[in-house]
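Examining the three-dimensional arrangement
Below are the chains, spelled out letter by letter.
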Amino acid sequence: MKLDVNLCNNLKSIRTRLGMSQQELANIAGVTRQSIGGVELGQYAPSVAMSLRLAKALGCQVEDLFWFEEDLPEVEAILAGSAPKQQQSRVSLARVGDQWIAYPLVGNDAFRIEMIPADGETVAMDGFPGISKLPLASEVASNEPHSEGKAQSQIGTNKVQVRLLDDIDKLHNTVVIAGCTPVLSLLARATERWHPKLRIHYRFAHSGAALRSLCRGEVHIAGMHLYDADTGEHNIPFVRSALTGKSAVLITLGVWEEGLLVPPGNPMGVKTVSDLVKFGATIVTHEVGSGSRMLLERKLQEEGVPLHKVKGSDHIVHSHQDVALSVVSGIADAGISTASIATAFGLGFIPLHRARYDLVIIKEYLEEEPVKQFLSILGHQLVRSQLEILGGYDTSNIGEVVANI
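Residues numbered from 1 in each chain as written. Predicted model: local features only at pLDDT ≥ 70, side-chain atom pairs only at ≥ 80, totals over all residues. Heavy atoms only, no water.

**Notes on helix 7 (residues 183-194)**
The end-to-end C-alpha separation of helix 7 is 17 Å, in line with the 16 Å expected for 12 residues at 1.5 Å each. Counting buried positions over the 12 residues of helix 7 gives nine, a clear majority of the element. Taken residue by residue, helix 7 has Val183, Leu184, Ser185, Leu186, Leu187, Ala188, Arg189, Ala190 and Thr191 as its buried positions. (Helix = DSSP H or I, 4+ residues; strand = E, 2+ residues; numbered from the N terminus. Expected span 1.5 Å × (residues − 1). Buried < 20%, exposed > 50% of the residue type's maximum accessible area, 1.4 Å probe, protein only.)

Laid out in structure tokens, this is it:
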């Protein structure tokens, strides 16, 4: 039969997944091997009878094998970030407010290493004690709460057409969260357990970047742990400064211990950030605008130590896991992270600050059903248990509204 240029097929991938050769499939379906090869290469379209035989031989529906390309709907979306030019790009999609947002699956964003919700806790164990770029706001260059200026209040005008590869109802039922704590990925998976039709799209971003992404309309929720030394407040001054023409609510996730990760047993005997210079320790640092970077700079300033005096202060990493891996591998002697990360990687920990981690949500999103479902699980005892067994988290006020802005 003459080839229909719009006809697509999945014959080869299904056949090879089942471990069948072309000849074996041909024998079962009662056709020639050349016919199988021609269909797989898209050289011609099979007849109705051949399509039914192939589907029966492979134990699937005809629709699983063949479809028309124009059957896949398209939506217009705003590109959040950048994608390779002059080529098709894989994206994730979500409905944020009244528009579709497309998140390019490029580089590290194409992969995800997630913290998995536990199914239980050990009580005792021998040997162990009981295509276009959107304009991006400039990076935060100072610890001052008002120095960044107003982040963009509206998303850019660059748009893309996205051909859907999934059920549009599932895409509608998506919550997008930006933040830096691995706990967000844990909460995402826990939420999906209790709400199987809900999808959580977690985008890694430090606190400053997460807030800017929220202001640009790219996410529903931004996770933050920024501290303003002038007011003694967490997060609120930064949100108030960044938001323009929008109202938001801050809901606390918990209070976590922040400090220095060091090798097991703290062989250098580091007690304060000034000891990093005293003992010639090598560190890794987070990006400007992150809560961890601001903590390091603040503590060094309190002890009268310039950041550039600390060896490795120009070595930037992008996640708490990266800090831990740098210490584990010996690349660094220390780095700022949290007590829970120290526990997860078996590292020593020197506490420096108790930070409140808040979820910032634009108020209009609070009425959206996917956001409601996500927030509904915060007070669940099983969620509290997941956080408590990590160590280093105080979840006594989880789900509490700490500010309306």
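Don't stop here, the text continues.
**Points about the pairing of strand 3 (residues 74-79)**
Examined bridge by bridge, strand 3 and strand 6 (residues 159-163) share five bridges and lie antiparallel to one another. If you follow Glu74 over to strand 6, its bridge partner there is Arg163. Bridge count for strand 3 against strand 5 (residues 99-104) is three bridges, and the pairing is parallel. From the neighbouring strand, Ala77 faces strand 5, where its bridge partner is Trp100. (Pairing = 2+ DSSP bridges.)

**Focus on the pattern of salt bridges**
Applying the stated criterion to the full structure yields eight salt bridges. Glu302 is the partner of Lys299 in a salt bridge, and the nearest nitrogen-oxygen pair spans 3.7 Å. Here Lys299 pairs with Glu302, and both are found in helix 11 (residues 291-302), just three residues apart, close to one helical turn. For Arg356, the salt bridge is made with Asp358, and the minimal N-O distance between the two is 2.8 Å. (Salt bridge = Lys/Arg side-chain N within 4 Å of Asp/Glu carboxyl O.)

**So, the sheet that holds strand 5**
An order of 4-5-3-6 is seen for the four strands of this open sheet, with the pairing classed as mixed. On the outer flanks of this sheet lie strand 4 (91-96) and strand 6, each paired with one strand and no other. Recorded for the sheet is a direction-independent mean angle of 45° between the axes of neighbouring strands. (Axes fitted to C-alpha atoms, helices over the stretch in contact; angles between N-to-C directions.)

**A closer look at the packing of helix 7 against helix 15 (residues 381-388)**
Two numbers describe how helix 7 lies on helix 15: the axes approach to 11 Å, and their chain directions differ by 150°. Taken together, the axis directions place helix 7 and helix 15 in an arrangement best described as roughly antiparallel. The interaxial crossing formed by helix 7 with helix 15 has right-handed handedness. Here Val183, Leu186, Leu187 and Trp194 of helix 7 lie close against helix 15, whose contacting residues are Leu382, Val383, Gln386 and Leu387. Along the lines of polarity and charge, the residues of the contact of helix 7 with helix 15 split into seven nonpolar, one polar and no charged. (Parallel < 35°, antiparallel > 145°, perpendicular 65-115°, else oblique. Left-handed = near helix turned anticlockwise from the far one by under 90°. Contact = heavy atoms within 4.5 Å. Nonpolar A, V, L, I, M, F, W, Y, C, P; charged D, E, K, R; others polar.)

**Thoughts on the nonpolar core**
Membership of the largest hydrophobic core comes to 60 residues, with the highest contact counts inside it found for Leu253, Phe374 and Leu378. Residues Ile14, Leu25, Ile36 and Cys60 belong to the second largest nonpolar core, which totals 17 residues. (Core = buried A, V, L, I, M, F, W, Y, C linked by side-chain atoms within 4.5 Å.)

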